[in-house]
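Understanding the architecture of this molecule
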Amino acid sequence: MGKVLNDLSVTPNLLKAEVLRHLTFTLGKDTPNASLYDWRMALSFAIRDRIVEPWFASTRRTWAEDRKRVYYLSMEFLIGRLLEDACVNLGLREMAEEVMAEFGQDFRAIIEDEPDAALGNGGLGRLAACFMESMATLGCPAYGYGIRYEHGLFRQRFEGGQQVETPEDWLLMRHPWEFERPESQYTIGFKGEMATRDGREVWVPGETVLATAHDTPVVGWQGKWANTLRLWGAKPTTLFDLERFNRGDFAAAAEPEALARTLSRVLYPDDTTYQGKELRLKQEFFLTSAALQDILRRFKAAHSDVRKLPNHVAIQMNDTHPAIAGPELIRLLMDDHGVPFEEAAPIARECLGYTNHTLLPEALERWATFTFGNVLPRHMQIVERIDAWHKDENYHRPHYIGIVKHHEVRMGELAFIMAHKVNGVSALHSELVKKNLFPELNKLHPGRIINQTNGVTPRRWLKMCNRPLSSLITETIGPGWEDDLDRLTALEPHISEKGFRALFDSAKRTNKIALSHWIKDHCGLTVSPDALFDVQVKRIHEYKRQLLNILETIAHWHQIKAAPKGNWVPRVKIFGGKSAPGYFVAKEIIHLINDVARVVNADPETRHLLTVVYPANYNVSMAEHLIPAADLSEQISTAGKEASGTGNMKFMMNGAPTIGTLDGANVEILEQVGAENFFLFGLTAEEVMRRREDPEHSRKAIEASQPLQDVLQMIAEGRFSPDQPDRYHGLVHRVWHHDYFLVASDFDAYHAAQAQVDIAFADRDRWLRMAAMNTARSGFFSSDRTIRSYMKDIWSVTSAL
Ligand code: 26V
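Summary of the structure given here.

Cut-offs used in this document
Residues numbered from 1 in each chain as written. Predicted model: local features only at pLDDT ≥ 70, side-chain atom pairs only at ≥ 80, totals over all residues. Heavy atoms only, no water. Near = heavy atom within 4 Å. Polar contact = N/O pair within 3.5 Å; in protein donor to acceptor, adjacent residues only side chain to side chain. Areas by Shrake-Rupley, 256 points an atom, 1.4 Å probe, with all protein chains shown as cover. Helix = DSSP H or I, 4+ residues; strand = E, 2+ residues; numbered from the N terminus. Nonpolar A, V, L, I, M, F, W, Y, C, P; charged D, E, K, R; others polar. 1 Å grid on protein atoms, 1.4 Å probe; cavity = no way out; pocket = protein on both sides within 12 Å on 5 of 7 lines; lining within 4 Å. Points joined across faces, edges and corners; volume = space filled by probe spheres on them. Salt bridge = Lys/Arg side-chain N within 4 Å of Asp/Glu carboxyl O. Buried < 20%, exposed > 50% of the residue type's maximum accessible area, 1.4 Å probe, protein only. Pairing = 2+ DSSP bridges. Phe/Tyr/Trp six-rings, centres within 6.5 Å; stacked < 30°, edge-to-face > 60°.

What follows covers the site of the ligand. Around the ligand lies a shell of 17 residues, among which H357, N454, E642, S644 and G645 are the nearest. In this structure, A643 approaches the ligand through a main-chain N or O atom, which is 3.4 Å from an oxygen atom. Within the contact set of the ligand, an oxygen atom lies 2.8 Å away from a backbone nitrogen or oxygen of G645. Coverage of the ligand by the protein chains reaches 94% of its 600 Å² of free accessible surface. In terms of residues, the shell around the ligand owes the most to one element, helix α7 (residues 123-137), which gives 3 residues. Counted by class, the shell around the ligand contains 5 nonpolar, 7 polar and 5 charged residues.

Evaluation of the coordinates by the stated rule reveals 9 cavities of 30 Å³ or more. In this structure, the second largest cavity occupies an estimated 240 Å³ of space. Around the second largest cavity sit 18 residues that line it, and I79, L82, D85, V218 and R460 are the ones nearest its centre. At the level of secondary structure, the elements contributing two or more residues to the lining of the second largest cavity comprise β2 (77-80), α4 (83-89), α7 and β10 (207-219). Of the residues in the lining of the second largest cavity, the class split is 12 nonpolar, 2 polar and 4 charged.

Overall, the coordinates contain 65 salt bridges when judged by the stated rule. Note that E431 is salt-bridged to K434, the shortest N-O span being 3.1 Å. Here K434 and E431 lie together in helix α18 (residues 427-437), a separation of 3 residues that amounts to about one turn. Here K434 falls in the partly exposed class, since its relative accessible area comes to 25%. The residue D765 makes a salt bridge to R769 at a minimum N-O spacing of 3.5 Å. Linking D765 with R769, this pair stays in helix α34 (residues 764-776), spanning 4 residues, or about one helical turn. Residue class for D765 comes out partly exposed when judged on its relative accessible area of 27%. The exposure class assigned to R769 is partly exposed, which follows from its relative accessible area of 35%. Counted as one network, the salt bridges with shared partners bring together R81, E84, R93, R108, E112 and D116.

We now examine the pairing of strand β8 (residues 193-197). Taking burial as the measure, the 5 residues of β8 include 0 buried ones, a minor fraction of the element. Sheet analysis places β8 next to strand β9 (residues 200-204), joined by 5 bridges and oriented antiparallel. In the sheet register, A195 faces β9, and the bridge partner there is V202. As consecutive antiparallel partners, β8 and β9 are separated by 2 residues, and within that stretch D198 has a phi angle of approximately 50°, a positive value.

Further remarks concern the pairing of β10. Buried residues dominate β10, accounting for 11 of its 13 residues. Where strand β7 (residues 179-190) lies against β10, 9 bridges are found, and the strand directions are antiparallel. Considered in β10, the bridge of E180 is made with H214. The pairing of β10 with strand β11 (residues 226-236) spans 11 bridges and is antiparallel.

Once that is clear, we can look at unusual backbone geometry. Although it is not a glycine, N617 adopts a positive phi angle of roughly 65°. Turning to its location among the elements, N617 is positioned in the loop between β21 (610-613) and α26 (620-626). One non-glycine residue, S796, lies in positive phi territory at about 50°. As for its placement among the helices and strands, S796 is situated in the segment after α35 (783-795).

Below, the discussion takes up the packing of aromatic side chains. For the structure on display, the rule yields 25 aromatic pairs. With a centroid separation of 4.7 Å and 35° between ring planes, the pair formed by W39 and F103 is classed as tilted. Taken together, the residues span a long stretch of sequence, with W39 in helix α3 (residues 36-64) and F103 in the loop between α5 (93-102) and α6 (107-113) at a distance of 64 residues. For W39, a relative accessible area of 2% gives the class buried.

On their own, these measurements won't tell you what the molecule is for.
This is the structure we're talking about:
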């Protein structure tokens, strides 16, 4: 181990022979008949074969050295495509391209043929994917546990500018990266009742399903280590009702199967508003119970004393979604291993860590005790016991604090109490978790809440998606920055060289030309690569304030029209993102952006100066096209609302300065890059709180801003919806009277900051310095740094490399 396994052992001829072998024997295709899909499969299998070797070696080594393992439990893993990522990490991208060219195949087309694995909504799921890659890179022995959703996040289309959702079907074609493990199968129970056996209370579930494992190897940089992403699929315990079938009742015969499979059928697409849906609770328990049974089986294969579990096992709960892990681990220790509650609870707590990803009250999980007790009767008992135990140990605990309150089980409190460490995801967010979310529990357990600022993997988000810039970096500072991203600071002295800046400029320009072609193909719009590419891509949510962006876009258009001969900096405003299907206001914002785009893009007077682009179905792969070509990163959430953001880090790495508020990790980006390389505007988190105390805040802000009044007037008059002039009356009314996210209060500051952006961009040299400084100072935001910190502060594990 430790050596680069593949550079040495694979030759182009060998890889070529392997691709051909898979095409012939795995796919049963002859070269003249092979489709793009066949070639993709053949190459994927050939590449997968190269991962298996380090994968086995890593597993063997973990067993041999009896290493502590990390278990990352997450309802979401937003992985994206795997082929190119595997090629890059194995150092085989160039070779694969060459070999496929010899077959007359275009490597890029093969890469783009792979569907995204979209098993997540947004930031939380993508973070889990970046963490998996970093754990593999760092040689941290780890398993990711998730659900193998048949349908990932819905596909988005626009009809008349409105979002329409269609089901996603990533498993329609063969998924070449996974290994099914029918032998790794666990029974998961639901409902039923408690009974007494041999004087002990036992749970007799009323329903059972099977969880079967599907393993995807996750290989780290240079193939030195590989971990497993284990996704559970649901199967029925009784396959088929033969009696019913023989009676001719075919549909009813297949009922148990259909029922079980609903558990892993579809990802919940609403990450903004919590709804106490029974199926969601069942999915959460399904994942968690399967994972814990698997963890205990693996532990017992090498150890006998379950009291030693915390020395060997670290379990991380990605938000509260797997927070049932506390009670479930206690249950398994008590009911299956005879450990008394008083011992089981501290053992479980020693193993568990909890990461909080949101402060939004409407997204916090709480289950009606009725639902919870019905689906998980044994766990309801244990939760009450945990609550009483915690109260006993902390008799100063205020009466209004607890897990079960007002006939609800609060998953945040449960996760907090059952974890030895609780973390937020940026410095600001972690402080707010202490101050606003868990002030009393923080007082009872000082030091339990810590910060772990998020990061992103520089392999995917720089090396892979931005080849021009990656090459320039390597030519300038040498190789090795990919897994030691702080080395990017070595670029800094070069930024004062004119020659380097010209090369940086031309790398960005190459990406912008490529994106212009992509925009032509996907949206039918012609944009100039000389324009400023201004990008806001993320889920559509009021707190993220895409509305602020589009209102300011209208103001800008209005300004240009007032002085069309002015010295304007041409801009392309790029939006991307999906709304939760039932989130009415977010859908209205999408509609407005598309309506504005239609009107503005058709204006001959401004066409060369302003274009609004909103390609449908933003996902990981689209991000890989957009981010490297961005000039400006929009991170404009209401301060105090965005827990961290990770897109902000990707843009920074790729040399796009931020226009943003003091929110989430923006604060730390600003700190790294310096105020002169960041367009800061807007109220601070504290000012936001104070501002809201004035019930007239939005009216006052609008009345003080002529540009904002004009914009709202235009929308209200139907300038962007001539077919239905009153379409946005509700929206405009909300800005005037119910502007919770302070769009109006921050409008003028944002508008002014955008003017500063124009001034900076017009000064080519100044802009290039800013852009390059952003890349040079982005080392802190590698998820390797984040994972090292989790390993030390939460998991107490060391690298096996
Ligand atoms: C909540 C729910 C409610 C139940 C239905 C499904 C579901 C799915 C997700 C969520 C919570 C989403 C929280 C989230 O994605 N937070 C984001 O986490 C990122 C990684 O830490 C962070 O960068 C973003 O700022 C934060 O919004």
